[in-house]
Amino acid sequence: MLRSPTRIPAPPRSGASRLPVVPLVLGLGLFLLVSLLCGVGLGAAGIGWGDVFRLLGAGLTGGTIDARDVSAYTIVWEIRLPRVVLGAVVGAGLAAVGVAVQAMVRNALADPFVLGISSGAAVGANAVILLGAFAGLGVWALSLSAFGSALAATALVYAVARSPHGLSPLRLILTGTALAYGFEAVTTVMVFGAARGEAARSAMMWLLGSLGGATWAQVPIAGVTVAAGWAWLRRRAEALNALAMGDETAATLGVQPARLRRELFLVTAAVTGTVVAVSGAIGFVGLMVPHVVRMLVGADHRRVLAVAPLAGAVLLVWADLLSRLLLAPAELPVGVITAVVGVPAFLLLMRRGGYAFGGR
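Residues numbered from 1 in each chain as written. Predicted model: local features only at pLDDT ≥ 70, side-chain atom pairs only at ≥ 80, totals over all residues. Heavy atoms only, no water.

Visitor: Can you walk me through the overall build of the protein in this structure?
Guide: Scanning the protein from terminus to terminus reveals 14 helices and 0 strands. Helices (α) and strands (β) of the protein occur, in sequence order from the N terminus, as α-α-α-α-α-α-α-α-α-α-α-α-α-α. In terms of C-alpha radius of gyration, the protein reaches 21 Å, essentially the compact-globule figure of 21 Å for 360 residues. Principal-axis analysis of the C-alpha atoms places the extent of the protein at approximately 70 × 50 × 40 Å. Looking at the protein alone, contacts between residues at least 24 apart form 78% of all its contacts between residues at least 6 apart. Surface summary for the protein: the accessible area is close to 15600 Å², and the carbon and sulfur share equals 69%. (Helix = DSSP H or I, 4+ residues; strand = E, 2+ residues; numbered from the N terminus. Rg over C-alpha atoms; globule rule 2.2 N^0.38 Å. Contact = heavy atoms within 4.5 Å. Areas by Shrake-Rupley, 256 points an atom, 1.4 Å probe, with all protein chains shown as cover.)

Visitor: Could you clarify how one ought to interpret helix α9 (residues 237-244) in this entry?
Guide: Structurally, the α-helix is built with 3.6 residues per turn, so residues lying three or four positions apart point the same way. The element α9 is extensively covered by neighbouring structure, given that 8 of its 8 residues are classed as buried. Taken together, the buried positions of α9 are occupied by A237, E238, A239, L240, N241, A242, L243 and A244. Residues of α9 that are buried sit in contact with α3 (70-105), α8 (218-235), α10 (247-252), α11 (257-279) and α13 (301-325). (Buried < 20%, exposed > 50% of the residue type's maximum accessible area, 1.4 Å probe, protein only.)

Visitor: Can you walk me through the packing of α8 against α11 in this structure?
Guide: Packed helix pairs are characterised by how far apart their axes lie and by the angle those axes make with each other. The contact between α8 and α11 brings their axes to 10 Å, and the two run at 160°. Between α8 and α11, the interaxial angle falls into the category roughly antiparallel. In terms of crossing hand, the pair formed by α8 and α11 is left-handed. Across the interface between the two elements, Q218, I221, A222, T225, V226, G229, W232 and L233 from α8 touch L260, E263, L264, V267, A270, V271, T274, V275 and V278 from α11. (Axes fitted to C-alpha atoms, helices over the stretch in contact; angles between N-to-C directions. Parallel < 35°, antiparallel > 145°, perpendicular 65-115°, else oblique. Left-handed = near helix turned anticlockwise from the far one by under 90°.)

Visitor: Looking at this structure, I do not really get the pattern of salt bridges. What am I missing?
Guide: Charged atoms that come close allow side chains of opposite charge to pair. Scanning the model with the defined rule gives 12 salt bridges in all. When the shortest N-O distance is used, the salt bridge between E331 and R83 registers 2.9 Å. Residue E331 is found in the loop between α13 and α14 (334-351), and its partner R83 is found in helix α3; the two are separated by 248 residues along the sequence. Owing to a relative accessible area of 26%, E331 belongs among the partly exposed residues under this scheme. The exposure class of R83 is buried, given its relative accessible area of 5%. Each of R83, D320, R324 and E331 takes part in one network of salt bridges that share partners. (Salt bridge = Lys/Arg side-chain N within 4 Å of Asp/Glu carboxyl O.)

Visitor: How should I be thinking about the nonpolar core in this particular structure?
Guide: Looking at soluble globular proteins, one finds that nonpolar side chains tend to be buried together. Counting residues in hydrophobic clusters, the biggest one holds 90 residues, and the most contacted among them are L86, V90, M104, L172, W206, L264 and V293. With 15 residues, α3 is the single largest residue contributor to this core. (Core = buried A, V, L, I, M, F, W, Y, C linked by side-chain atoms within 4.5 Å.)

Visitor: What is the right way to read unusual backbone geometry from this model?
Guide: Trans is the prevailing form of peptide bonds, just as negative phi is the prevailing case for residues other than glycine. The residue F284 is not glycine, and still its phi comes out positive at about 75°. Take F284: it is sitting in the loop between α11 and α12 (285-297). The exposure class assigned to F284 is partly exposed, which follows from its relative accessible area of 25%.

Visitor: Looking at this structure, I do not really get α13. What am I missing?
Guide: Its 25 residues place the ends of α13 36 Å apart at the C-alpha level, agreeing with the 36 Å of an ideal helix rising 1.5 Å per residue. The axis of α13 is deflected most strongly, by about 25°, at V307, and proline P309 appears within four residues downstream. The buried fraction of α13 is high, at 20 of 25 residues. (Expected span 1.5 Å × (residues − 1). Bend = angle between axes of the 7 residues up to and from the residue.)

Visitor: Looking at this structure, how should I read the environment of G91?
Guide: In this structure, G91 sits in helix α3. Sequence separation of G91 and I282 is 191 residues, and the distance between their C-alpha atoms is 9.1 Å. Discounting residues that sit within four places of it in the chain, G91 has contacts with V285, G312, A313 and L316.

Here it is in structure tokens:
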């Protein structure tokens, strides 16, 4: 059994009193809606807010538009809206998986990419961008190749890290880190061997994360995967509380650490592989958001997993918007924006005297 008949207590936490979760969730939900509207309404192509709402209404209700509005409708409904929706989905997935990975390996510096999955996905993505591999898959070549290589990297990490005693946190971190360096070396060779400079630029854009290629076809796949992964993590929230207090303590509370860690590995790999396949490797979201949320609501995973996905969604929507606006009409990789925000936030969080990373 993964859950004990008795209620599992939350990990200890120091610092300021916790904020109530329900008002925070409602507030973040409203802010996310406003953020999505801003993401659709703002951009290099100036479209008035009245036109934005009218075109969104036409798209939602199946209404008609004038011929002169076709270009603006394409920008709003086919380019900006799927991009901001996918950004929210990816941000939510990275934040939720960040919470799970930090509990799984009991390391405050862990994030969804510590297992080497994103580096493995980069090999497949760059094989398409730089070498033209899997051209027969058409528009799906990049996403499918990245996801397939992410799954291959997951299988390799699992095979190397697994021991007769299960998946230990230390073996997972060391194996993931070592193989990530190997995958990055392969990617570097591809980039330096690229015959076309534009292809190398596209590869670097993907490596730093970009939502520029978002389409409506990608949204359901990513959305269902992230939602399913989050639902599973919410069901295991009490078990995550026990795991965060150590394997021995978890075992006394009726949790099987080895089995839970194996299941967490599979869930986080599936979600990470899916979001990386559609957005590239976007850093700092899965690292920073869980810490900020714990600072606000405490270390109880039931509370953290209720808030973190919304916070991650809001963060990535605004990061993507800034990446489009700062050098418009050119774009920055969204990973650059998350790093610019994440580095000072991380340093300020470390200097905050009342906060212990991960509640420990």
